Amino acid sequence: MSIILSKGVRMKYTITFIFLLALPTLLLSQQVDSVVTINSQLHENSGIVFIDGRVILHNDSAGEAALHELDTLTGDIARTVVIENAINTDWEDICNDSTYIYIGDIGNNNGNRTDLRIYRILISDFLNTPNDTVLADTIEFSYADQMNFDAAPYVTNFDAEALIAYEGNLYVFTKNWGNMRSNIYRLPNQPGTYSVARVDSIDPQCLITGATYNPFSNSILLSGHVLSFFVIEISNFTAGIFSSGLINIHAVEQIGSLQVEGIAAISEHQCFLSSEEQFTGSATLQRFLLPSALGIAETDKYNRFAVYPNPVTNQLNIQGAGFKAAELYSMYGTLQLKSNRASMDVSHLAAGSYILNIKSQLSDLSEQHIIVIN
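Residues numbered from 1 in each chain as written. Predicted model: local features only at pLDDT ≥ 70, side-chain atom pairs only at ≥ 80, totals over all residues. Heavy atoms only, no water.

Once that is clear, we can look at the overall build of the protein. Looking only at helices and strands, the protein has 1 helix and 33 strands in total. A buried classification covers 55% of the 374 residues belonging to the protein. Of all intrachain contacts in the protein linking residues separated by at least 6 positions in sequence, the fraction that spans at least 24 positions is 54%. Accessible surface, the protein as shown: approximately 15100 Å² in total, 48% of it carbon and sulfur. (Helix = DSSP H or I, 4+ residues; strand = E, 2+ residues; numbered from the N terminus. Buried < 20%, exposed > 50% of the residue type's maximum accessible area, 1.4 Å probe, protein only. Contact = heavy atoms within 4.5 Å. Areas by Shrake-Rupley, 256 points an atom, 1.4 Å probe, with all protein chains shown as cover.)

A separate point is the nonpolar core. Of all hydrophobic cores here, the largest spans 27 residues; its most connected members are Ile164, Phe173, Ile220, Leu222, Ile232, Ile234 and Phe242. Put simply, the parts of the chain that give this core at least two residues each are strand 14 (160–166), strand 15 (169–174), strand 19 (207–214), strand 20 (219–226), strand 21 (228–235) and strand 22 (246–253). If we skip the residues at most four places from it in the chain, isoleucine 232 touches Pro204, Cys206, Ile208, Ile220, Leu221, Leu222, Ile247, Asn248 and Ile249. In this structure, Ile51, Leu67, Ile103 and Ala136 belong to the second largest nonpolar core, which totals 18 residues. (Core = buried A, V, L, I, M, F, W, Y, C linked by side-chain atoms within 4.5 Å.)

Judged by pairing direction, the sheet is mixed, and its 5 strands sit side by side in the order 5-6-7-8-12 without closing on themselves. Sheet topology places strand 5 (45–51) and strand 12 (133–134) at the edges, where each strand pairs with a single neighbour. In this sheet, strand 6 (residues 54–59) lies alongside strand 5 in antiparallel orientation, the contact comprising 6 bridges. Bridge pairing in strand 6 places isoleucine 51 opposite arginine 54. (Pairing = 2+ DSSP bridges.)

Pairing is antiparallel in the open sheet, where 4 strands are placed in the order 14-15-16-18. In the strand order of this sheet, the two ends are held by strand 14 and strand 18 (198–202), each with one partner. The mean angle between the axes of side-by-side strands here comes to 25°, regardless of whether they run parallel or antiparallel. In terms of strand pairing, strand 14 meets strand 15 through 6 bridges, oriented antiparallel. For alanine 160, the partnering residue across the bridge sits in strand 15 and is threonine 174. (Axes fitted to C-alpha atoms, helices over the stretch in contact; angles between N-to-C directions.)

Moving on, we get to the pairing of strand 13 (residues 137–143). Relative to strand 13, strand 11 (residues 117–122) is paired through 4 bridges, and the arrangement is antiparallel. The residue bridging arginine 117 from the neighbouring strand is glutamate 140, located in strand 13. Bridge analysis of strand 13 against strand 17 (residues 192–196) gives 5 bridges, and the strand direction is parallel. Its bridge partner lying in strand 17, glutamate 140 is registered against threonine 193.

A few words on the environment of arginine 181. If you trace the backbone, arginine 181 turns up in the loop between strand 15 and strand 16 (182–188). With a relative accessible area of 28%, arginine 181 lands in the partly exposed category. Remark: the alpha-carbon pair of arginine 181 and serine 201, spanning 20 residues in sequence, is separated by 7.2 Å. The residues touching arginine 181, leaving out its near neighbours within four places in the chain, are Thr174, Asn176, Ser201, Ile202, Asp203 and Pro204.

On to the pairing of strand 8 (residues 77–83), then. With 5 bridges connecting them, strand 7 (residues 66–70) and strand 8 associate as antiparallel partners. Paired with glutamate 69 across the two strands is arginine 79, which belongs to strand 8. Following strand 7, the chain reverses through 6 residues before pairing antiparallel with strand 8; glycine 75 in that reversal takes a positive phi of roughly 80°. Bridge count for strand 8 against strand 12 is 2 bridges, and the pairing is parallel. Within strand 12, the position partnered with valine 82 by the bridge is threonine 133.

The next subject is the side chain of arginine 79. Here arginine 79 is to be found in strand 8. Judged by relative accessible area, arginine 79 falls into the buried class, the value being 16%. A polar contact is formed between the side chain of arginine 79 and the backbone oxygen of phenylalanine 126, at a distance of 2.6 Å. In this structure the side chain of arginine 79 is engaged in a polar contact, spanning 3.1 Å, whose partner is the side chain of aspartate 132. In this structure arginine 79 touches Arg54, Leu67, His68, Glu69, Phe126, Leu127, Thr129 and Asp132, once residues within four positions along its chain are discounted. (Polar contact = N/O pair within 3.5 Å; in protein donor to acceptor, adjacent residues only side chain to side chain.)

Here's what the structure looks like:
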């Protein structure tokens, strides 16, 4: 089942949903192939890249400042390369161009970091170092539109876990806890200190956890989640304005851990997905075949219910024929409210983003909306 949302003349969103936990399963979710369980030393892996036939991973916050090559047959670490002059404050993603590897120390869950940076190392140094150590250049940056640096855990719009290299620049995709959008910032790929302006924005209606540029198809692939997991494919864009393209959001029926953190293109229609260990399963490396390669025809479905106001402070209202019941979940899948009336008092809930699941008398399928409570 898919949803097409009009976003202007040139943009179309096609979304295939599958919601887990207490939410019912909808149609046409795509299943990954389980490749291997990842060594426990990489249980908090957060970024993945595919270079010269090698799968390269790193851990996230407070982990070792190192990159690890993975044996894709056993899941063991085949090789570790230490970046001697780097610190892993919160490494969240990794990308590359033809010359360099870029490591994004860009995690910012509290929204108060003033030391965001990207480390740059030569691919040739990584591949050929005789002692498994390399040195990195540093690209420091701040968001030009961030004025408030007070700590705001899990509500900030200046957190980020996704980084790509494209046509001589680097692009950071934010993980907006406040509104489920992703703002896009462009910065030079050269060492220096920069204040970077927002150049674009997309509305995936999920939390973006990873990114990769796919040179085989000239597309962008993002990983994201909101209760369940999605692969977001952006194609046919122009001049580095990714919102000008076609954005397809594919629901993924995940195997093992649901905490997918990294994505790396390996061919025109395939990518690797890496997940970190959590209560839903072990850390895994998996392969995902994009639905476009399978010739899948998605069915369009439009939202039947209007929800207002959104953002909301006190009373949330639901309007539409055939309303049956509604459930409000946190972003972590915890049920907050349940009602068989077409209104909810949300004044006692904490500010942030929630998932509203609406059940209909006219269909076995449910409808989901992202709700922001002020």
